[in-house]
Amino acid sequence: MQNIKPISDPARPQVYIETYGCQMNVNDSEVILSILQDAGYALTEDIEKADVILANTCSIRDNAEQRIWGRIDQFKIQKKKRDGVVIGIVGCMAERLKDKLLEAVDLVAGPDSYRSLPELLEAITPSAPQINVLLSHEETYADISPVRLDRNGVSAFISIMRGCNNVCSYCVVPYTRGAERSRDPHTIVMEAEELFANGYKEVTLLGQNVDSYFWKTPEGEAGNVNFAQLLEMVAQISPDLRVRFSTSHPKDISDEVIYMMAKYENICKHIHLPVQSGSSIMLEKMRRKYNREWYLERVEKIRSVIPDCGLTTDVIAGFCGETIQDHQDTLTLMEQVVFDSAFMFAYSERPGTLASKKYPDDIPYEVKTERLNEIIALQGRMSLKSNEKEVGKVLKVLVEGPSKKNPDELCGRASSNKMCVFPSRGEKAGDYCEVEVVSVTSATLLCKRI
Ligand code: 5AD
Ligand code: SF4
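(A) Here's a closer look at the overall build of the protein chain. Counting its secondary structure elements, the protein chain contains 13 helices and 21 strands. For 450 residues, the compact-globule formula gives about 22 Å, and the C-alpha radius of gyration of the protein chain, at 22 Å, lands near that figure. Overall, the C-alpha framework of the protein chain stretches about 60 × 55 × 55 Å when taken along its three principal axes. Going through the 450 residues of the protein chain one by one, you find that 56% of them count as buried. Partitioning the contacts of the protein chain with sequence separation of at least 6, the portion at a separation of at least 24 is 74%. Roughly 19400 Å² of accessible area belongs to the protein chain as shown, and the carbon and sulfur atoms make up 53% of that amount. Measuring between centres, the 54 positive side-chain charges of the protein chain sit 2 Å from its 65 negative side-chain charges.

Here is the structure:
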């Protein structure tokens, strides 16, 4: 493991990567770069200099895909400007659209085929575009040390598993990323140790459903590792290394995980717990395998063990057959829980999913938009309410760098993942600071030094 920094070297073939979608995709781009660097390529941030232009893509909603089609047209301009430029589409959209994309670009590679990128690139000719969209039951890229593309050198992602075995009826991910598989915990700990040795202060353990992480050893039960145990292994590397994780599933988040979070100060007190809807009828149709009461019980459990735990969520507006009452149920749940923040979306039907086959996408666009706007407005008020409770508290913040608005101020996150801004005393990214919250907006805690 020695790949931490990107190589820039004009003598090597230049690769340019754009990343769309989730944190998992950001980490996949780091894996791709590692594989390509080992094969002799160097990273460029200037598309005008690129020999290979890659887009690591997302299929989660239709608008994510439409954006990429627009980018492909722009990439093609580079092909006209210079000989030999190769355009590749990798990631979820590559997996979903396969041959259709191959008509437009030179390379199509799905999320489990990144090891073959050097050979695929080698084999491309104008008349022979290359494709590999095979999904795997084993690939976790466990032995590959991602090249870190973050800017601040403080916080890094570590993929602990790939794929997804849930079949939420609206979701394309099980089809684009394949079956769930967990990565050897010892390689995860090694990667986190290496990052810490290189000055990183925070790792985020990533998976579509981290609570179902499970490493089974052939030696027998004693060597098995579940998610709570993995959290402990990473937390024990150093009290100065913060541990975060995403995404949790309400049906799977266990008491063991909640107690493990409480046990270690450096396991950040934040859970991203997508609810999707507050209506048990919708949750059933979404195949989430929990209902409103179950979700609220999990929130209560979390708050009884970790009173200050940050809670964020995802919400979908206008799923198939959603009534006014179902929508109201979402609003009342949001009011009851008071999430710190939320990602909120209008339902977008994805071809091939269970919902697309079973349920008509029958909520008109205007109604979806209206409900989504109502949800967004409510969340704004809830974020403010949640932040107001922080006034007067003393928080430990990991400095990310100067604040965007004022270079004399620093910004960084509290354990709860809330963004804090406060006067600088010359600290740098990666330092910890204790601050006191003085006032808030719905997005930020404004703090003073103590
Ligand atoms: N339409 C709208 N939102 C979706 N999500 C997943 N699939 C869809 C879809 N078809 C949202 C969910 C998920 C987040 C990553 O994206 O809220 O938690
Ligand atoms: Fe990530 Fe899902 Fe988008 Fe794939 S489809 S990039 S897994 S959000």
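(B) Spatial organisation of the nonpolar core. One finds Leu205 and Phe227 to be the most contacted residues of the largest nonpolar core, which totals 71 residues. When residues in this core are grouped by element, the largest group, 6 residues, is from helix H7 (residues 227-235).

(C) Structural view of the site of ligand 1. Around ligand 1, the neighbouring residues are Ile60, Arg61, Tyr170, Gln276, Asp314, Ile316, Phe345, Ala346, Tyr347, Ser348 and Arg350. Here an oxygen atom of ligand 1 sits 3.1 Å away from a polar atom, N or O, in the side chain of Arg61. Interatomic distance of 2.8 Å between a backbone N/O atom of Ser348 and a nitrogen atom of ligand 1. Contact with the protein chains hides 87% of the accessible area of ligand 1, taken as 400 Å² for the molecule alone. Taken together, the elements giving at least two residues each to the shell around ligand 1 come down to strand E15 (310-317) and strand E16 (341-346). A class-by-class count of the residues in the shell around ligand 1 yields 6 nonpolar, 2 polar and 3 charged.

(D) Representation of the sheet that holds strand E14 (residues 270-272). Spatial ordering of the open sheet is given by E14-E15-E16, a layout of 3 strands whose pairing is parallel. Looking along the sheet, the strands with just one partner apiece sit at the ends: E14 and E16. With strand direction ignored, the average angle separating the axes of adjacent strands in the sheet is 10 degrees. Strand direction decides the pairing type here: E14 and E15, joined by 3 bridges, are parallel. Within E15, the residue paired with Ile271 across the bridge is Leu311. Across the sheet, helix H13 (residues 365-388) lies against E15 and E16, angled at about 175 degrees from E16, the strand it touches most.

(E) View of the pattern of salt bridges. Tallied over the full model, the rule gives 34 salt bridges. For Arg148, the salt bridge is made with Glu191, and the minimal N-O distance between the two is 2.6 Å. Taken together, the residues span a long stretch of sequence, with Arg148 in the loop between strand E6 (130-132) and strand E7 (155-159) and Glu191 in helix H6 (residues 185-197) at a distance of 43 residues. For Arg148, a relative accessible area of 4% corresponds to the buried category. Between Asp431 and Lys428 there is a salt bridge, with the nearest N and O atoms lying 3.5 Å from each other.

(F) Examining the site of ligand 2 more closely. In the vicinity of ligand 2, the contacting residues are Cys22, Asn25, Thr57, Cys58, Ser59, Ile60, Cys92, Val173, Arg177 and Gln208. Taken together, the residues that form the shell around ligand 2 break down as 5 nonpolar, 4 polar and 1 charged.

Rules used throughout
Residues numbered from 1 in each chain as written. Chains lettered and ligands numbered in written order. Predicted model: local features only at pLDDT ≥ 70, side-chain atom pairs only at ≥ 80, totals over all residues. Heavy atoms only, no water. Helix = DSSP H or I, 4+ residues; strand = E, 2+ residues; numbered from the N terminus. Rg over C-alpha atoms; globule rule 2.2 N^0.38 Å. Buried < 20%, exposed > 50% of the residue type's maximum accessible area, 1.4 Å probe, protein only. Contact = heavy atoms within 4.5 Å. Areas by Shrake-Rupley, 256 points an atom, 1.4 Å probe, with all protein chains shown as cover. Lys, Arg positive; Asp, Glu negative; His and termini not counted. Charge placed at Lys NZ, Arg CZ, Asp CG, Glu CD. Core = buried A, V, L, I, M, F, W, Y, C linked by side-chain atoms within 4.5 Å. Near = heavy atom within 4 Å. Polar contact = N/O pair within 3.5 Å; in protein donor to acceptor, adjacent residues only side chain to side chain. Nonpolar A, V, L, I, M, F, W, Y, C, P; charged D, E, K, R; others polar. Pairing = 2+ DSSP bridges. Axes fitted to C-alpha atoms, helices over the stretch in contact; angles between N-to-C directions. Salt bridge = Lys/Arg side-chain N within 4 Å of Asp/Glu carboxyl O.

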